[in-house]
Each structure stands twice: as C-alpha cells, then as structure tokens.
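Fold and geometry: a report
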Amino acid sequence: MRKTKHSWAACVGGGNKKGEKMAGEDARILPKATHEERKKQEAKRKGKLKTLAGKLLKTVVGGKEMVEKPSAEDVAGNLLKRPTSKKKVERGMPAEETICRFIEEGKFLEACEQIHNLEHSGNDGMGKSESLYALLAERMWTVVGEALSGSDRMLLEPLQSVGESLKWEKQKEAERLGNGLETESVSTWSPNFWRKDLEEKLMRYMTAQIPLFGSSTNADETALQQHLSHLEMTFLPSLEHRSDVFKEAGLLVTYARCCHASLCSHLATLIDSNCFNFRQSLLIYEWSIKMYKSGSQACVRPGHMPQHSLSLGAQCLVWILLRTEEKLLAITRKEVGNALKEAFGIGKPPCADAAVVEILTEKTETARRVSEILSEKVEAECLEECLRFLESYEDEVRSFLQLDGCPQICSSLRILENCCLLRTVWHKLTYIYSVSTDQNFKVNGFLHRIEDDILEHFLQTINSKVKGALKDHFKKCDSGFDHILESLKQSFLTFGKKKTDTYEALVKAVNAIIITEYMQALLTTPRKPSAMQRRRIVNKIEEDHRMMQTIFEECLGPAAGSLKDPIKAILELIQTSDPEGMKIALLPILKDFPDLRKEHLSAMLDIKDSLSREDRAALLRVFHDNCWESETEANLLFADIEVKPRKYGLCGCLCC
C-alpha cells in the first residue's frame, strides 16, 4: 500500500523530495521492462485524471470571459502540477485531485464523502461540488455499462462502490430532510437523481436486448409463440446470468425491478397492439401463467434474490395477467359482436344455429383450456354481448320498418327467421352456460317485441299487395296476383325454420289475408255479368284455387288440411247443376261460415250461369231457414266484406 501511495504522489507531482527519492529507488530495483510498463501505466492514469480534471474545469470556468483564457487541458495540467501540502492532506482537507483519483480508481463512496466535505467547507463558491457530482455519476454509469456488457470480475469492486454510493445518497437525503432543510434544496441536489439515472440506464440496456416483434397483421400465432419462447429461453436467462454481479454489488433489487419493468413494458406494447386476435392474446396470457407458476419471476429465480424482492416479479406477472385479461375480454366483446352482426344482418341469408352457438361458445372453450376463471369471465362477456346485440338489433329492425316504401317481403321473413334462430340458439345456450333468470327474461322480451313488430308490418304489407293485385283481378287477364302467390311460395319455402310455431302461424295468417281479400274482390264484382263473363270468372276462380291450394299445401304440409276453404265450397255451389244439390252444397257453407249474409249469397248466385228465379228463391229460403248467429268469433270470414244489396223488383220479393 505504501508503494502505491508514493507512486500516486509521484504521478500527481505532489509530496516531498523524500517521496521522489523512494520512488527512484523503487524504480532502480525493478527490471527495465517492468519499469517501462509502470511508466506507461502511470502516464495513462495521469492522462485519464487530466481528462477528468479538464471536464471539471470546463464546467467551473465555463461562461466566464477571460482575456487570455488557457485551455481546459492546460488548466488541468497546472492543477495536477500544483504542489500539495502534505500537512493539508494529513488534516483531510478536500482537494480536487484527490476526488479525481477516487473517481478514477472506482472508489465512488470515498469520492462522495470528499465532495460532500467540499460542499460544506465554505470553499465551494464556484459550485465545484455539483460538477464533481456530475463527473462521479458519469463514471459510475460507465462502470454499470461495462458490467452489463461483460462478465469481467474486476468490475465487481467499482460496482459495489456504486451500490454503496446509492446507499450513501439515501442516507444523506434523510439527514438533509431531518435537519429541516428546504424541500426545494433537497429535491434539486444532484445525487437525488442517481437512482433514477441508474434505472434509466438499466432499462435502456434491457429494452435493447428484447428482440423485435413485428406488429403487422401478418404476425401469426406461430411467430408469437416463437417470440415468447425466445423471451423465456434467451432474453430472461441472459439477464439472470448478469444479475449475479449486481447481487454481489447490492444492486439486485434495482436490477430486478428494471428487468420486470422492461418486460412489462414490452408485453404491454404487444397486448395493446390492435393486430392481435383472441387466440394470440390468449397465448400471452398462457405464457404469463406458465412463468408465474414456474417461479421464474420474470428474470430471477427464487434462490437468486431476497424474499422481499420476489414479490416484484409476482406483481409484474399479475399485472401482465390482468392487463391481458382485460384485453381478452375487450376482444371477446368486439369479435362476438361483429360475428353476430355479420350473421344476422338484415337482408342477408340466415346462417345455421350451430354456427351461431359456436360464435358464442368457441372463445369460452378455448379459454377453459388455459384457465377456468378466465373462461367464466369470457362466458359472462359472451352472454352480455348477446344481450347488447339483441338490443341493437331491435333498434335496427325498427329503423328498417320506418323506411319509405314497403320493405321487401323476403327481408321481413328473414328477420322473422332470425328471431326463430336466435330463440333456438338461446335455448341451447341455457344448457351450456349459466344463464341467469334476468338474462333469460331480457332475451325473450327482445325476441317477442321484434317478432310482434315485424309480423304486424309483414302482414300489413301482404294485405296491401294482395288488395292491390285483386282490385281488377276479375276484369283483367293478368292482374299480378299469381306473381304475388309465387313470390310468397318461394319466400316461405326458403324459410329455414319450418318446424317452428312461428312459421306455421305466419303461413296461416297469410292464408287468411289472401282468402279474405279474394272473397272481397269476388263478391264486389259488377253485378249481372254476361254469360261469357260468368264462365270466365268461374274458370279464373278454379285456376286461382288450384294455385293457392298447391302453395299452402307445399308450405304447410299436412297442417294445410286444417285450413278453411270457402273458395272450394263456393265452386261446388255454383258448379252444381241440380237445384237440390245446390241446397245440399249450401248447408256446409252456412255451418262453416255463420257470418255469411243474404247479400253475400246473392252475389255468389249471380256468378252461376242459368239459374232460374225459382231456384234462386228456393236457395234464399234455405239460407233464411238455416242461418244462425255464431256464438264465437271463429271463421268470421264474411263479417267485414261489404256487398251492396241487390235491387229487388217492385213487388219486393226475393226472386226478382
């Protein structure tokens, strides 16, 4: 140690002649090669010290005008050549060259103490202490950088001194606050920023070690798996390997915190990118769970760091899990909502109920393979998104019904079919998911309202179209009535839910509208047509009846047998040539349609060819004797059909 001390005195040009003499004697003892090497080392050390002192003096004298200002290097050289009193050194008086020597040798704690003494000595008028603190910090971060970039054990002592300096700074800060110094002066003290500067340097280094991952939409699951595997197998072990020297230096907590922060920042960037779908985000979630369970703690395994620091890794991973979970639920809402809109768009062909069930259950089943708790949250999100979709779908249907003009028949039928499909899907979900009573009530309410609105509008549309086509149906050769029937047939046959109650009730309601409007048009045709006109009307009735009967039998199947068919009964009445047979044919009509009035029957008889007055009178008497008021409102077909009474003869008899 004495030899080192005297060599330093010779290097800086201080000390007495005795020191120079001893240094000369030491030099004579050494071999020539060793002597030359030592001279080179001392020259190198002196050069470094001169550079440090130059930086100091540049800061101290900077901004002040001098007539013939020497360069910073010259000032540093003069500083190093200036003799230093041994008595002052012995009394511990701070000197810039002593501080520079401590900084150069990596004795940062000693440098801190010396600068602190200078700061409070009253001789710091030019603010040298702040400049020395800056030089000290610069050298400390250089040591940290060298420790990060290599595995040289020679850096351990300087790195330990960095850790001791940070502890010193914390202690001094507490003392300054305890002494009642102003908060502003404490907060602006440059060593207060050392810990933050160290963390920034560590963060920059660790972030630079993370491999880049493309954030384009082309990044598939395989690429993401490879990236996460690289983080686990390469990035984290490399940081863990370098953690040993920081542990020995007392900097492991800061090192681990920066490792966690860099990893969290990188994963947060991945999670927040909009290019990831549900499965890709689930990969990050699954990887975080695996890391948490394996005890890797993001960069340092349990045996490599103090127990109080392990929670930092756990908190890091828990934060990532929560962030990823939030992202997964947001993606679930978005993807399920978009899929339902795509499946049930107005005007689009309905999809299979199995496909919709898969939309609502696929993500839950995928999440269940990773975490039961996560799957329950995804399930709840899917159900809530289904409710949100139904609410928006109801608004969309109402907007559709308010469009100018009559919406297409097929579009209305598809909305009704969608309601049937949604009811089937929800019924299946009640067996798969834990559906609450409130949710079930809301869904059924949405579906009932949508069905009622669209059914009412649909039937009004059908009534309007049929009424318009039948207005002159028995006067024109082509009124368009047959085109409406064919269009309805095609729409009904493409209805995917034919076995539902909604479908059967819909077809029967349409049948009732068509029959009612047809009878209205038939019974309000001009009275007393010619014989040729009567034959043409009867032929037209026969043709229309065959078409309607075929359509509704195809659409309803066996259920079509329950439909009342007044057109068939009227055809049998007017096509029967025997008067007694006509009386027999009239009785079922009176039974099935008790609301038939005398003017209705008279209009029917006007269509029959060659009916004598006597036969007409006999049929009207049969009607008078057998008609009765219906006790129910069933089959009230003729109640709303207004027919002008026939003008009878002057005698007022029924046969005129």
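Quantities reported herein were computed from a predicted structural model and do not represent experimental measurements.

**Points about the overall build of the chain**
Summing up its helical and strand segments, the chain has 26 helices and zero strands in all. Considering only intrachain contacts with a sequence separation of at least 6, the fraction spanning at least 24 residues in the chain is 76%. For the chain, the accessible surface area stands at approximately 35,100 Å², while carbon and sulfur atoms represent 52% of it.

**A word on the pattern of salt bridges**
Going through the model one piece at a time under the given rule, you end up with 27 salt bridges. Among the ionic pairs, Lys172 bridges to Glu175, the shortest N-O distance being 3.5 Å. Of the two residues, Lys172 and Glu175 are both situated in helix α9 (residues 156-178); the distance of three residues between them amounts to about one turn of the helix. The class of Lys172 is buried, set by a relative accessible area of 12%.

**Focus on a nonpolar patch on the surface**
A contiguous nonpolar patch, built from Tyr292, Val318 and Leu322 and spanning about 270 Å² of accessible area, is present on the exposed surface. Within the secondary structure layout, Val318 lies in helix α15 (residues 307-343). The class of Val318 is partly exposed, set by a relative accessible area of 34%.

**Here we look at empty space enclosed by the protein**
For the structure shown, the criterion picks out two cavities of 30 Å³ or more. Here the largest cavity defines a volume of roughly 60 Å³. Around the largest cavity, the lining is made up of 10 residues, and of these Thr525, Pro526, Ala603, Asp606 and Ile607 lie nearest the centre. Broken down by element, the lining of the largest cavity gets its largest block of residues, three residues, from helix α25 (residues 598-607). Among the residues making up the lining of the largest cavity, the classes are represented as seven nonpolar, one polar and two charged.

**Considerations on the packing of aromatic side chains**
Geometrically, a pair of aromatic rings is defined through the distance of the ring centres and the angle of the planes. The full count for this structure, using the stated rule, is 10 aromatic pairs. An angle of 40° between the planes, with centres 5.7 Å apart, marks the rings of Phe344 and Phe389 as tilted. Here Phe389 lies in helix α17 (residues 372-401) and Phe344 lies in the loop between α15 and α16 (353-368), a separation of 45 residues in the sequence. Phe389 matches Phe344 in its accessibility class, with the two residues each being buried. The interplanar angle of 25° and the centroid separation of 5.5 Å between the aromatic rings of Phe389 and Tyr393 together place this pair among those described as stacked. Taken as a pair, Phe389 and Tyr393 lie in helix α17 at a separation of four residues, close to a single helical turn. In textbook terms, an aromatic cluster arises when at least three aromatic residues are bridged by ring pairs, as seen for Phe344, Phe389 and Tyr393. Between Arg101 and the ring centre of Phe102, over which it is positioned, the NZ or CZ distance is 4.8 Å.

**A closer look at helix α23 (residues 566-575)**
The buried fraction of α23 is high, at seven of 10 residues. Along α23, the residues classified as buried are Pro566, Ile567, Ala569, Ile570, Leu571, Leu573 and Ile574.

Cut-offs used in this document
- Residues numbered from 1 in each chain as written.
- Predicted model: local features only at pLDDT ≥ 70, side-chain atom pairs only at ≥ 80, totals over all residues.
- Heavy atoms only, no water.
- Helix = DSSP H or I, 4+ residues; strand = E, 2+ residues; numbered from the N terminus.
- Contact = heavy atoms within 4.5 Å.
- Areas by Shrake-Rupley, 256 points an atom, 1.4 Å probe, with all protein chains shown as cover.
- Salt bridge = Lys/Arg side-chain N within 4 Å of Asp/Glu carboxyl O.
- Buried < 20%, exposed > 50% of the residue type's maximum accessible area, 1.4 Å probe, protein only.
- Patch = residues over 30% accessible without salt bridge, like charges linked within 9 Å, V, L, I, M, F, W, Y side chains within 5 Å.
- 1 Å grid on protein atoms, 1.4 Å probe; cavity = no way out; pocket = protein on both sides within 12 Å on 5 of 7 lines; lining within 4 Å.
- Points joined across faces, edges and corners; volume = space filled by probe spheres on them.
- Nonpolar A, V, L, I, M, F, W, Y, C, P; charged D, E, K, R; others polar.
- Phe/Tyr/Trp six-rings, centres within 6.5 Å; stacked < 30°, edge-to-face > 60°.
- Lys NZ or Arg CZ within 6 Å of the ring centre and 35° of its normal.

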